[in-house]
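Analysis of the macromolecular model
Residue strings, one per chain:
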Amino acid sequence: MAAETAPMRPERDSAIDMVRGLALLTITINHLTGIAARGGMRGMPFPTLSHYGFSSAAEIFFLLSGYLVGLVYLRPERLGQRGRFARAMAARAGKLYLFNLGLFLLLIPLCLASPGLARITFFHHFFAHGAPAFAGFLALYIQPFCLEILAAYIALLLLAPAFAWALVRRPWAAAALSVAVWAVSYYHIDWRLPGGTPAGDWKWNFSPGSWQLLFFGAMAAGRVRLLDRVRAACAGDARWFALAAAALAGLTLLFFAQDWLGVTFYGQSKDRLGLLRVGHALVVCGFGLTAFWTWPRLQRGRLACLIAAVGSASLHCFVASVAISYLAGLLWVESGRGYATYLLLSAAAPIALLAFGRARQALVASRAAPLPREVGRRVHGTA
């Protein structure tokens, strides 16, 4: 009887894991490209979709993460569990904080081994200013290169219970408030949080006031299981994919038209999250998801399984991707900063992340597998 009345967990959609995995692979390459560009590299960056459109992979990370929060924690049978949701978000934020700290400590030896890498990634600031700078990191005030995204995600998780409370009671008012906060953050540039990376204007690159629009909007979509409806419509019908592909092609042409026509289109800001960037990220997500839903066999190959393994463990794999990018950056800096070396490392870095995701998946499976009866008896002293 308990099994009949227990609330059902949403069925895992491997297409979402695939898109998140592809986003993390892209982030790995983009982070290495960022290190190389700051280190003086000359030459065309290793090709990723981020270099041929108005958005980067970070937007996909926020979109799908927010959607899954809404899908899992704001299901109808959980709407009365506000305290449980707040505790879950606080626990998740605490976990991210510890992962962020662990990643920071893991990267210190790499930057100590390479002063050039330390300067490029802003770790030299922590080495030069000692305890006050480290205290700033612990307070989420200062972040080195690549770690800013986790700080913003922590802030949004802590704000999520308040938005969820408004979303359940007054959905349209919650949506209007999110848009209003975004508009204020977008048009008042100096209202971004102080700190961020110790360079430039000392403001957060991922402004929570702006990026909440993606995260909370996706939470609202997850609450009504919007993607389930689209997935059902895509079954055996390629028109949704064709629509997403046409939209992506149009935006790509618009992106290249900036060079052809010598113009710059409004709404591309990353730190303030311009609407053109939001639209491009939504189209990229739609393109990937509709492709996997329309042709499920795309999810069954060996490479697809490796990509899904990365996407299904996004936090662990994000931490691994940053470590891989830093290690590749160290090799590039210390080997002479050559363009050919950059290309080689850019090809190797995502392969290393795929290997990490597969190894983690195998480790989790081995821990979850039941022990044979004979082994279990010996372990528990009952043989």
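In this report, we go over the structure that sits alongside the text. The structure displayed is predicted, hence computed values, not measured ones. (Residues numbered from 1 in each chain as written. Predicted model: local features only at pLDDT ≥ 70, side-chain atom pairs only at ≥ 80, totals over all residues. Heavy atoms only, no water.)

Turning to the overall build of the protein chain, a few remarks are in order. Helix and strand counts for the protein chain stand at 17 helices and zero strands. Its C-alpha radius of gyration of 22 Å places the protein chain within 12% of the 21 Å reference for a compact globule of 383 residues. Projected onto its principal axes, the C-alpha positions of the protein chain cover 65 × 60 × 45 Å. Total accessible area on the protein chain is roughly 18600 Å²; 67% of this is exposed by carbon and sulfur atoms. Put simply, the protein chain has 35 plus and 15 minus side-chain charges, and the middle of one group is 6 Å from the middle of the other. (Helix = DSSP H or I, 4+ residues; strand = E, 2+ residues; numbered from the N terminus. Rg over C-alpha atoms; globule rule 2.2 N^0.38 Å. Areas by Shrake-Rupley, 256 points an atom, 1.4 Å probe, with all protein chains shown as cover. Lys, Arg positive; Asp, Glu negative; His and termini not counted. Charge placed at Lys NZ, Arg CZ, Asp CG, Glu CD.)

What follows is about the nonpolar core. Residues Phe-62, Phe-123, Phe-215, Met-219 and Tyr-326 are the most contacted members of the largest nonpolar core, which totals 114 residues. With 13 residues, the single largest contributor to this core is helix H8 (residues 148-169). Those residues in contact with Met-219, other than ones at most four positions away along the chain, are Gly-66, Tyr-67, Val-69, Gly-70, Leu-74, Phe-85, Ala-160, Phe-163 and Ala-164. (Core = buried A, V, L, I, M, F, W, Y, C linked by side-chain atoms within 4.5 Å. Buried < 20%, exposed > 50% of the residue type's maximum accessible area, 1.4 Å probe, protein only. Contact = heavy atoms within 4.5 Å.)

Attention now moves to unusual backbone geometry. Most peptide bonds take the trans form, and the phi angle of most residues other than glycine is negative. Positioned with a positive phi, Leu-140 is a non-glycine residue whose angle comes to about 65°. Relative to the helices and strands, Leu-140 resides in the loop between helix H7 (131-138) and H8. Taking relative accessible area as the criterion, Leu-140 reaches 16% and is therefore assigned buried. Positive phi is not limited to glycine here, since Arg-337 has a value of about 60°. Mapped onto the fold, Arg-337 is located in the loop between helix H15 (314-334) and helix H16 (339-368).

This part covers the layout of surface pockets. By volume, the largest pocket amounts to about 810 Å³. Listed by contribution, the elements that provide at least two residues to the lining of the largest pocket are helix H2 (14-38), helix H3 (57-73), helix H4 (82-113), H8, helix H11 (226-234) and H15. Of the residues forming the lining of the largest pocket, the biggest block, eight residues, is contributed by H3. Its residues assigned to classes, the lining of the largest pocket comprises 16 nonpolar, four polar and twelve charged. (1 Å grid on protein atoms, 1.4 Å probe; cavity = no way out; pocket = protein on both sides within 12 Å on 5 of 7 lines; lining within 4 Å. Points joined across faces, edges and corners; volume = space filled by probe spheres on them. Nonpolar A, V, L, I, M, F, W, Y, C, P; charged D, E, K, R; others polar.)

Here helix H12 (residues 239-261) crosses helix H13 (residues 275-294) at 145°, and the two axes come no closer than 8 Å. Relative to H13, the crossing made by H12 is left-handed. In this structure, H12 uses Trp-240, Phe-241, Ala-244, Ala-245, Ala-247, Leu-248 and Leu-251 to contact H13, whose residues at the interface are Leu-276, Gly-279, His-280, Val-283, Val-284, Gly-286, Phe-287, Thr-290, Ala-291 and Thr-294. Of the residues contributing to the contact of H12 with H13, the split by class is twelve nonpolar, five polar and no charged. (Axes fitted to C-alpha atoms, helices over the stretch in contact; angles between N-to-C directions. Left-handed = near helix turned anticlockwise from the far one by under 90°.)

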